[in-house]
Amino acid sequence: MKRTSSLFSLVLILSLLLMLTTFVVAGASAPNDGPWVYSTDLPAVAVRSDTEFYNGKMYMLGYRTDGAGTTDGSVWVYDAALNTWSDTGVDMPVPVSNYTIAKLTDGTGVGLYIFGGRDSAGACTDAVQVYYPDTNTTAAIATDPWTGVVNPGERVFPGGVVEVGNKAYAWGGFCGTTTAPFTGSQTWVFDPAAAAGSRWTAGPNLPTPGAYQNGAALDGKIYSIGGDSYDGAALIAYPDVLMLDPANLGAGWQTKAPIPTPLTACGS
């Protein structure tokens, strides 16, 4: 009798464990990689793009669709509450990839600005474009084209872009069709509140030319983190970390502690 009771208890415990395992597996809605969880897939193959969050939604202003450089200017929106992606139905005036969004407020309202970028032919454009999420409209700012170059006539797309105090700071850059030093050292400041034709002003040059920098704003200061140089054949990752104080542009870019290990170089 004691053996039968013990056997029954064992069977009951195993049954409960099986039920619990089945419930957990059945209830799992998506794979879970630690603190990261899978969201709804973007219904398009998109590379070399950027996104910006505004009013509970995330916007992507076009993208490259393949390694050949095919570019789509469609504006896509992700609704965080509904966990859904959708096409807004509008396109950027000039479809580009390799851009960084700056969220700025101008006379029309909140605008998501992009400066330059690469078109479908792989050429770097000087187009300044803006998408207004509140009205789902776009505009080209023809009066104030992007001015970043490596050498006269050799346009690049910005290496890093950061917004501080409703101004966009853009620096460095690359295009793949430039000559030595190949990557940019210029810094440009875009003020959406300035008069048309005078929205760009020059800032201090980088101590070392570079491209593909990660930009960040912290306590009102701008940081340029990592990036690439170019030797005419390949991009080379470097560990530089620089800081720029918008309240004291005359002090220039200040060198900070470098990244312990350079990040892998990005493609062109």
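Residues numbered from 1 in each chain as written. Predicted model: local features only at pLDDT ≥ 70, side-chain atom pairs only at ≥ 80, totals over all residues. Heavy atoms only, no water.

Asks: Just checking my understanding: could you explain the overall build of the protein chain for this structure?
Replies: Check the secondary structure of the protein chain and you find one helix and 20 strands. The buried share among the 268 residues of the protein chain stands at 39%. Considering only contacts within the protein chain whose residues lie at least 6 apart along the sequence, 47% involve residues at least 24 apart. Put simply, the protein chain shows about 13,800 Å² of open surface, and 59% of that area lies on carbon and sulfur atoms. (Helix = DSSP H or I, 4+ residues; strand = E, 2+ residues; numbered from the N terminus. Buried < 20%, exposed > 50% of the residue type's maximum accessible area, 1.4 Å probe, protein only. Contact = heavy atoms within 4.5 Å. Areas by Shrake-Rupley, 256 points an atom, 1.4 Å probe, with all protein chains shown as cover.)

Asks: Sorry, what's going on with the packing of aromatic side chains here?
Replies: The geometry of two aromatic rings is summed up by the distance between their centres and the angle between their planes. Counting across every chain of the model gives 13 aromatic pairs. Seen from their ring centres, Phe 182 and Tyr 230 are 5.3 Å apart, and the 85 degrees between their planes marks the pair as edge-to-face. Of this pair, Phe 182 sits in the loop between strand 12 (167-171) and strand 13 (187-190) while Tyr 230 sits in strand 17 (residues 228-230), and the two are 48 residues apart along the sequence. In textbook terms, an aromatic cluster arises when at least three aromatic residues are bridged by ring pairs, as seen for Tyr 113, Phe 115, Trp 146, Phe 190 and Trp 200. (Phe/Tyr/Trp six-rings, centres within 6.5 Å; stacked < 30°, edge-to-face > 60°.)

Asks: I tried to follow the pairing of strand 19 (residues 241-244) on my own but got confused; where do I start?
Replies: Regular strands have side chains that alternate between both faces of the sheet. A two-sided burial pattern is seen for strand 19, the buried positions comprising Val 241 and Met 243 on one face and Leu 242 and Leu 244 on the other. Relative to strand 19, strand 16 (residues 221-225) runs antiparallel, the two being bridged by four bridges. Residue pairing in the sheet places Ser 224 in a bridge with Leu 242 of strand 19. (Pairing = 2+ DSSP bridges.)

Asks: Just checking my understanding: could you explain empty space enclosed by the protein for this structure?
Replies: Empty space left among the atoms is revealed by rolling a probe the size of a water molecule over them. Under the definition given, this model contains one cavity of 30 Å³ or more. As a volume, the largest cavity reaches approximately 40 Å³. Leu 206, Thr 208, Gln 213, Ser 224, Gly 226, Tyr 238, Asp 240 and Leu 242 are the residues that line the largest cavity. Grouping the constituent residues of the lining of the largest cavity by class yields three nonpolar, four polar and one charged. (1 Å grid on protein atoms, 1.4 Å probe; cavity = no way out; pocket = protein on both sides within 12 Å on 5 of 7 lines; lining within 4 Å. Points joined across faces, edges and corners; volume = space filled by probe spheres on them. Nonpolar A, V, L, I, M, F, W, Y, C, P; charged D, E, K, R; others polar.)

Asks: How do you make sense of the nonpolar core when you look at a structure like this?
Replies: A general trend in soluble globular proteins is that nonpolar side chains are found buried together. If you look at the biggest cluster of nonpolar residues, it comprises 19 residues, and the most contacted ones within it are Tyr 59, Leu 61, Tyr 99, Ile 114 and Tyr 131. Those elements giving two or more residues to this core turn out to be strand 4 (57-64), strand 5 (71-79), strand 6 (84-91) and strand 8 (110-115). Contact partners of Ile 114, with chain neighbours within four places excluded, come to Leu 61, Met 92, Val 96, Tyr 99, Thr 100, Ile 101, Ala 127, Val 128 and Gln 129. If you look at the next biggest cluster of nonpolar residues, it comprises 15 residues, including Tyr 113, Val 128, Ala 170 and Trp 200. (Core = buried A, V, L, I, M, F, W, Y, C linked by side-chain atoms within 4.5 Å.)

Asks: Explanation requested: the pattern of salt bridges in the structure shown.
Replies: Two side chains with opposite charge may pair up if their charged atoms get near one another. Using the criterion set out here, one finds three salt bridges in the structure. Its salt-bridge partner being Lys 103, residue Glu 52 comes within 3.9 Å of it at the nearest N-O pair. Taken together, the positions of Glu 52 in strand 3 (residues 51-54) and Lys 103 in strand 7 (residues 101-105) put the pair 51 residues apart, joining distant regions of the chain. In this structure, Arg 199 engages Asp 144 in a salt bridge whose closest nitrogen and oxygen atoms are separated by 2.9 Å. Of this pair, Arg 199 sits in the loop between strand 13 and strand 14 (200-202) while Asp 144 sits in the loop between strand 10 (137-140) and strand 11 (160-164), and the two are 55 residues apart along the sequence. Each member of the pair, Arg 199 as well as Asp 144, is classed as buried. (Salt bridge = Lys/Arg side-chain N within 4 Å of Asp/Glu carboxyl O.)

Asks: Help me out: how do you make sense of the confidence of the model for the protein chain in this one?
Replies: Atomic detail in the predicted coordinates should be set aside for any region of low pLDDT. Residue-level pLDDT values for the protein chain average 87, and 85% of them are 70 or greater. Between residues 1-30, whose pLDDT stays under 50, and residues either more than four places distant or in other chains, the model counts one contact. (pLDDT = per-residue confidence, 0-100.)

Asks: Teacher, can you tell me more about the sheet that holds strand 13 here?
Replies: Paired through their backbone hydrogen bonds, the strands of a sheet run either parallel or antiparallel. Taken together, the four strands give an open sheet; going across it, the order is 11-12-13-14, and neighbouring strands pair in antiparallel fashion. Looking along the sheet, the strands with just one partner apiece sit at the ends: strand 11 and strand 14. Neighbour-to-neighbour, the strand axes of the sheet open up by a mean angle of 25 degrees, direction not taken into account. (Axes fitted to C-alpha atoms, helices over the stretch in contact; angles between N-to-C directions.)

Asks: Quick question: what am I supposed to make of the sheet that holds strand 7 here?
Replies: One open sheet holds the four strands; their spatial order is 7-8-9-10, and the pairing between them is antiparallel. On the outer flanks of this sheet lie strand 7 and strand 10, each paired with one strand and no other. In this sheet, neighbouring strand axes are inclined to one another by 30 degrees on average, regardless of whether the strands run parallel or antiparallel. Bridging between strand 9 (residues 128-132) and strand 10 involves four bridges; their strand directions are antiparallel.

Asks: Looking at this structure, I do not really get unusual backbone geometry. What am I missing?
Replies: Apart from glycine, the bulk of residues carry a negative phi angle, and the bulk of peptide bonds sit in the trans form. Of note, the bond from Ala 180 into Pro 181 is cis; its omega dihedral lies within 30 degrees of zero at 10 degrees. Within the secondary structure, Pro 181 is located in the loop between strand 12 and strand 13. At Asn 136, a residue that is not glycine, the phi angle is positive and equals roughly 55 degrees. Here Asn 136 shows up in the loop between strand 9 and strand 10.

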